[in-house]
Amino acid sequence: MYTVLDTTMRDGAQHNKISFSVEDKLGIAEALEQLDVDFIEYGAPSFDIETKDFENRTKLSPDKLVAFGMTARAGTEPERDEGILKLIAAKGNYVSLVGKSDRRHVEKVLRTDAGEYLNNIRKSVATITKSGKKVIFDAEHFFDGYAYDRDYAMASLEAAAEGGAEILDLCDTNGGSLPTAIRTAVSECKKTFSVTIGIHAHNDAGLATANTLAALEAGAEHVQGTLLGLGERSGNAALSTILPLMKRLGLKDLPGLNLLTPVCRTVAEISNIAIPDSAPYIGAAAFTHKAGLHADGVLKESDTFEFISPESVGNVRRLVLSKQAGRHLVRSKLEGVIPEATEPEILSKVYAALKEREALGYTFEAAEASFYIMAARLSGRKVDFFKTVDYTVIDSSDALSHAKAEISVDGVTVSAKADGNGPVHALDLAMRECMLKFFPAMDSVSLVDYKVRVIDPKSATGARVRVSITSTDGKRTWKTIGVSGNVVHASFIALEDSYRFALNDDFNGLFA
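No experiment lies behind these values; they were computed from the predicted model shown.

### Thoughts on the overall build of the protein chain
When helices and strands are tallied, the protein chain shows 17 helices and 16 strands. Principal-axis analysis of the C-alpha atoms places the extent of the protein chain at approximately 90 × 50 × 45 Å. The buried share of the protein chain, reckoned over its 512 residues, is 53%. Taking the intrachain contacts of the protein chain between residues at least 6 apart in sequence as the baseline, contacts between residues at least 24 apart amount to 66%. Accessible surface, the protein chain: about 22,700 Å² in total, of which carbon and sulfur atoms supply 50%.

Here it is in structure tokens:
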């Protein structure tokens, strides 16, 4: 039986920008429960003061809870060692006990006798198992130790097994081992010991996933990692990548895998880190297709460009619009939204406009609301519910910027003035005040993000800029874009499209 241990709350907390509170850990544990991992390592009772509070409040079963600790201090009998006693008193039924398997670490870092240290491992494990706890022995620096002094590394495992450890977890602590070395060492351990062999890989060489797979191929049946690959230095093996691979290989059923992406996003939010768009399986771009050939293929037969369905890991497919997009992709975007735009003549106009605007610096893959506005206008639909007659923005050394806007609706013209934190904010407020006189629903629309990107930096301060605006009405969130050599005008173009999208009932089902 293959088992998985998540150590986000313990090893993941060694990431240099992370510090988990008890509330954080409770939230992570609740999220992880949905993924069917077998063990959750939550901290070290001997030096994590919040572990007792977590134990008292968590709903995790004792068979899933794993406390972490070290072998007894040199010169101290395990039954009297404070750290060992705290592990025995921990709520869970399992303990991860770390001991060094590299002779150099024992003699040069711990500065203790190598033979005595092996006896310490044996007695520390035995003391815990006699209390009724089950021990996972984390053989720290095992693979480096195996390469330096194979006999001593194997002796450290033998000592743990003699003490009663149920799992011998081999750690690539420095993260520099190659898959061939992992495979060789795990194969020998599998032949030598009757207990379960595990793998705990670090990612310093970018090989944590490859090394984990190598260990599994060689007979390991226990895997450790952190959900998002968080950890010290370059991090740990990412279970967000390894769990789908284990299911694909038929090693583990994982019925909750379709919740992987939302669970990862929850843990990322708690950890206050961003998931890279390119992250396998769970990244925002993991199932995003931009090239026309790819998009066309995935629309016709998804497995021609996807080896796994996005739904199986809780993600979604995205087909983005760009100059690389083919007509088939543009048509698929318009079907069901603006069906008349799929007629050959209008589709040709939309496709040509898409390419022309991208040549000017527009990027519709990041602002699809502006694409739909453009397509609707070319199809003859009414999208201009208001007309901007004029606007003026004044920015000076004063703390506030000043703006005046004038719009016309069905022949009625109104104007408004506003002060704001910068010219774009002032202009947005002035435009909104005008529109609220005609469109009360605009009161629920707000701007949630604003980004500026220089398109041609060689032009220095005269360069064209691309402005991207994200807006919401509480039910939907959409993005619009504007390009100009004037940052305020580029912002105005994006703002106008944002207002048009909000006012157009044809787009009610989009981006909900």
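Further notes follow.
### Notes on helix α5 (residues 114–130)
Here α5 spans 25 Å end to end across 17 residues, near enough to the 24 Å set by a 1.5 Å rise per residue. If you follow the buried residues of α5, they end up packed against α3 (82–89), β4 (94–100), α4 (103–109), β5 (134–140) and α7 (150–163). Here α5 starts with a cap whose side-chain oxygen sits 3.0 Å from the backbone nitrogen of glycine 115, and that cap is aspartate 113.

### Overview of helix α9 (residues 208–217)
Two residues of an α-helix separated by three or four positions point the same way, owing to the 3.6 residues in each turn. Within the span of α9, buried status applies to Ala208, Asn211, Thr212, Ala214, Ala215 and Leu216. Next to the buried residues of α9 lie β6 (167–172), α8 (179–192), β7 (196–201), β8 (222–225) and α10 (239–248).

### Some points on the environment of aspartate 144
Along the polypeptide, aspartate 144 turns up in helix α6 (residues 142–148). It is 7.5 Å that separates the C-alpha atoms of aspartate 144 and serine 177, two residues lying 33 residues apart in sequence. In this structure aspartate 144 touches Asp102, Arg104, Asn174 and Ser177, once residues within four positions along its chain are discounted. Engagement of the side chain of aspartate 144 in a polar contact is seen with the side chain of asparagine 174, the distance being 3.1 Å.

### Here we look at the packing of aromatic side chains
Taken as a whole and assessed by the stated rule, the structure comprises 14 aromatic pairs. For the pair phenylalanine 364 and phenylalanine 371, a centre-to-centre distance of 6.3 Å together with 65 degrees between the ring planes defines the contact as edge-to-face. Of the two residues examined, phenylalanine 364 and phenylalanine 371, each falls in the buried class. Plain terms: the ring middles of tryptophan 478 and phenylalanine 501 are 5.1 Å apart, the flat faces sit at 35 degrees to each other, and that makes the pair tilted. On the criterion of sequence distance, the pair formed by tryptophan 478 in strand β16 (residues 477–484) and phenylalanine 501 in helix α17 (residues 487–503) is long-range, its members being 23 residues apart. When its relative accessible area of 0% is taken as the criterion, phenylalanine 501 is described as buried.

### Looking at the side chain of aspartate 102
Tracing the chain through its elements places aspartate 102 in the loop between β4 and α4. Among the polar contacts made by the side chain of aspartate 102, one reaches the side chain of arginine 104 at a distance of 2.8 Å.

### Here's the deal with the sheet that holds strand β1 (residues 3–6)
Pairing is parallel around the closed barrel formed by eight strands, whose spatial order is β1-β2-β3-β4-β5-β6-β7-β8. With direction set aside, neighbouring strand axes in the sheet form an average angle of 25 degrees. Pairing analysis gives seven bridges linking β4 to β5, with the strands arranged parallel. By the bridge assignment for β5, leucine 97 is matched with phenylalanine 137.

### Things to note about the UniProt feature "domain: Pyruvate carboxyltransferase" (unreviewed entry) in the protein chain
Here, UniProt's "domain: Pyruvate carboxyltransferase" (unreviewed entry) annotation points to residues 2–261. End C-alpha to end C-alpha, residues 2–261 measures 22 Å, and it is 41% helix and 17% strand.

### Description of the sheet that holds strand β15 (residues 465–472)
Taken in spatial order, the three strands make up an open sheet running β14-β15-β16, and their pairing is antiparallel. Lying at the two open borders of the sheet, with one neighbouring strand each, are β14 (446–454) and β16. The mean angle between the axes of side-by-side strands here comes to 20 degrees, regardless of whether they run parallel or antiparallel. Relative to β16, α17 is tilted by about 145 degrees, and along the sheet it contacts β14, β15 and β16.

### Notes on the packing of helix α16 (residues 423–436) against α17
What describes two packed helices is the angle between their axes and the distance between those same axes. One way to put it is that α16 packs onto α17 with a least axis distance of 10 Å and a crossing angle of 35 degrees. In this structure, α16 crosses over α17, and the sense of that crossing is right-handed. Listed contacts from α17 to Pro423, Val424, Leu427, Asp428, Met431, Arg432 and Met435 of α16 are Val488, Ser491, Phe492, Leu495 and Tyr499.

### Topic: the packing of α3 against α5
In the contact formed by α3 and α5, the axes pass within 9 Å of each other and the chain directions differ by 30 degrees. One element, α3, and the other, α5, form an angle in the roughly parallel class. In this structure, α3 meets α5 at a crossing whose hand is right-handed. Together, Ile84, Leu87 and Ile88 of α3 and Ser124, Thr127 and Ile128 of α5 make up the contact between the two elements. For the contact of α3 with α5, a count of residues per class yields four nonpolar, two polar and no charged.

Reading the values: the criteria
- Residues numbered from 1 in each chain as written.
- Predicted model: local features only at pLDDT ≥ 70, side-chain atom pairs only at ≥ 80, totals over all residues.
- Heavy atoms only, no water.
- Helix = DSSP H or I, 4+ residues; strand = E, 2+ residues; numbered from the N terminus.
- Buried < 20%, exposed > 50% of the residue type's maximum accessible area, 1.4 Å probe, protein only.
- Contact = heavy atoms within 4.5 Å.
- Areas by Shrake-Rupley, 256 points an atom, 1.4 Å probe, with all protein chains shown as cover.
- Expected span 1.5 Å × (residues − 1).
- Polar contact = N/O pair within 3.5 Å; in protein donor to acceptor, adjacent residues only side chain to side chain.
- Phe/Tyr/Trp six-rings, centres within 6.5 Å; stacked < 30°, edge-to-face > 60°.
- Pairing = 2+ DSSP bridges.
- Axes fitted to C-alpha atoms, helices over the stretch in contact; angles between N-to-C directions.
- UniProt positions renumbered as here; feature names shortened; annotations may be inferred.
- Left-handed = near helix turned anticlockwise from the far one by under 90°.
- Parallel < 35°, antiparallel > 145°, perpendicular 65-115°, else oblique.
- Nonpolar A, V, L, I, M, F, W, Y, C, P; charged D, E, K, R; others polar.

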